[in-house]
Amino acid sequence: MGARANRVAQGFEDLAERYDAWYDTAPGQVLFDLELGALRPLLAGTGGPRLEVGVGSGRFAAALGIEVGLDPAQAPLRLARARGVRVLLGVGSELPFGDNTFGAVALVVTLCFVENPAAVLGEVARVLRPGGRLVVGLVPLDSAWGRSYEEKGRAGHPFYGHARFETLAEHRLMLAVAGFRLVGARSTLFQAPSDEPVAEPVHSGAAAGAGFVALAAEGESAGAD
Ligand SMILES: C[S@@+](CC[C@H](N)C(=O)[O-])C[C@H]1O[C@@H](n2cnc3c(N)ncnc32)[C@H](O)[C@@H]1O
C-alpha cells in the first residue's frame, strides 16, 4: 500500500464506528435510502458472485446482495463481516482474485479515496467476467454536494480531507479510458446539502447537478442492454 492509501485507510480504521453510526441518524437514513435507490436497479439482474471494492462497513453491500467485500481498513471490515459479507483486506489496485471472477463489481463513494483510480478500474476490468457489470456510486464535484464535501475536506474533515472529488465528465472519461462503456445511470439528491435531507425521486440517466450519481458500465466488447 502506498503512503496515501495508508493514510486514507487509517482514517477509516480509526473512525469506523463513527462513519457507520452516521447512517443510523435521521439524515443518514434518508441519504442511504436515496443512494440505494440509485444503485439497486443498476445491479439488478447481475450474476454472482458480486464484489464491492472499498466495502467499508458493508451497509451497501449487505443491502444490495453483494457477497464479497474488500477494503484496506480492518475495523470497518469487522462490521461488514457481522452484516454477512465475506470480507478481505486489500486495496483496489491489487485485487486478490483471478481473472473473470465476478458478475458485478461495485465502487460506492470509493474512487475519490483511492490513490490511483485508473489502476483500480484496470483491476476491476480484469476480475469482471465477460459481460459483467461495474457500478460506480459517486458524488460529482460539479454538484452542490461535491463542492460542499470538498470544502469540508479543505477545512480538515477526517474523511473528506482524504478525498479527491471529480466531475461527472471526469468520471465518464476515466471509465472510457479504462475500456468501459456506459450502459445505465441513475441520479438523485438535487436538494441543497445545507437543508435537512428529505426523500426525493431517483431519476434515470446521469443528470447535471445531482449530488449522487450511479453509473453502470460494461467492458467495451459486451453487448448493449
Ligand atoms: C467513503 S468510504 C465508502 C465505504 C462504503 N462503500 C460505503 O459507501 O459505506 C471509502 C472506503 O474506501 C476505502 N478505501 C480507501 N482506499 C482504498 C483503496 N486503495 N482500495 C480500496 N478501498 C479503499 C476506505 O477504507 C473506505 O472504507
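Structure: see above.
Each value, and the rule that gives it
Residues numbered from 1 in each chain as written. Predicted model: local features only at pLDDT ≥ 70, side-chain atom pairs only at ≥ 80, totals over all residues. Helix = DSSP H or I, 4+ residues; strand = E, 2+ residues; numbered from the N terminus. Buried ≥ 20, exposed ≤ 12 C-beta atoms within 10 Å, placed from the backbone. Contact = placed C-beta atoms within 7 Å. Near = placed C-beta within 6 Å. Nonpolar A, V, L, I, M, F, W, Y, C, P; charged D, E, K, R; others polar. Pairing = 2+ DSSP bridges. Axes fitted to C-alpha atoms, helices over the stretch in contact; angles between N-to-C directions. Parallel < 35°, antiparallel > 145°, perpendicular 65-115°, else oblique. Left-handed = near helix turned anticlockwise from the far one by under 90°. Expected span 1.5 Å × (residues − 1). Bend = angle between axes of the 7 residues up to and from the residue. Core = buried A, V, L, I, M, F, W, Y, C linked by C-beta atoms within 7 Å.

> Account for the overall build of the protein, with residues named and values stated.
If you tally the helices and strands in the protein, you get 8 helices and 8 strands. If one aligns the C-alpha atoms of the protein with their principal axes, the spans along those axes are about 45 × 35 × 30 Å. A total of 225 residues make up the protein; the buried ones form 44% of that total. Residue pairs at least 24 apart in sequence account for 67% of intrachain contacts in the protein once pairs closer than 6 positions are excluded.

> Tell me about the site of the ligand, and name the residues and values.
Of all residues adjacent to the ligand, which total 22 residues, the nearest are F12, G54, G56, G92 and V108. Of all the secondary-structure elements, those providing two or more residues to the shell around the ligand are α1 (3-14) and α4 (59-64). For the shell around the ligand, the leading source of residues is α1, giving 4 residues. Classifying every residue of the shell around the ligand by side-chain character gives 15 nonpolar, 4 polar and 3 charged.

> Explain the sheet that holds strand β6 (residues 180-188) to me, and be specific about the residues and the numbers.
Taken in spatial order, the 8 strands of this open sheet run β3-β2-β1-β4-β5-β8-β6-β7, and their pairing is mixed. For this open sheet the edge positions go to β3 (86-89) and β7 (203-204), each flanked by a neighbour on one side alone. Here helix α3 (residues 26-43) sits on the sheet and contacts β4 (102-108), β5 (128-138), β6 and β8 (212-219); the angle it forms with β6, its principal contact strand, is near 150 degrees.

> Which residues make up unusual backbone geometry, and what values go with them?
In the segment running from G48 into P49, the intervening peptide bond is cis, with an omega of -5 degrees. On the secondary structure map, P49 appears in the loop between α3 and β1 (50-53). In this structure, N100 is a non-glycine residue whose phi angle is positive, near 55 degrees. By the secondary structure assignment, N100 is in the loop between β3 and β4. Overall, the presence of 11 C-beta atoms within 10 Å leaves N100 in the exposed class. Not every positive phi belongs to a glycine, and L189 is a case in point at roughly 70 degrees. Note that L189 resides in the loop between β6 and β7. Accessibility expressed as a C-beta count within 10 Å gives 23 for L189, which makes it buried.

> Report on the packing of helix α6 (residues 117-127) against helix α8 (residues 168-177), specifying residues and quantitative values.
Packing of α6 against α8 leaves a shortest axis separation of 9 Å and a crossing angle of 50 degrees. In terms of orientation, α6 lies oblique with respect to α8. α8 is crossed by α6, and the crossing has right-handed handedness. Facing α6, whose interface residues are P117, A118 and L121, α8 presents M174, L175 and V177. For the contact of α6 with α8, the residue count by class is 6 nonpolar, no polar and no charged.

> Describe α3, with residues and values.
End to end, α3 covers 26 Å across 18 residues, agreeing with the expected 26 Å (1.5 Å per residue, within 8%). At G37, α3 shows its strongest bend, of approximately 25 degrees, with the proline P41 following within four residues. L34, E35, A38, L39 and L42 are the residues of α3 that are buried. Structurally, α3 contributes buried residues whose contacts are with α4, β4, β5, β6 and β8. Positive phi shows up at G45, right after α3, with a value of about 85 degrees.

> Break down the nonpolar core for me, citing the residues and quoting the values.
Counting 66 residues, the largest nonpolar core has V105, V135, V213, A214 and L215 as the members making the most contacts within it. In contact with L215, not counting residues within four places along its chain, are V136, H171, L175, L182, A185 and A206.

> Quick rundown of the pairing of β6? Include the residues and the values.
The pairing of β6 with β8 spans 8 bridges and is classified as antiparallel. Bridge pairing in β8 places R181 opposite E218. The sheet contact formed by β6 and β7 spans 2 bridges and is antiparallel. Bridge assignment links S187 to a residue of β7, and that residue is H203.

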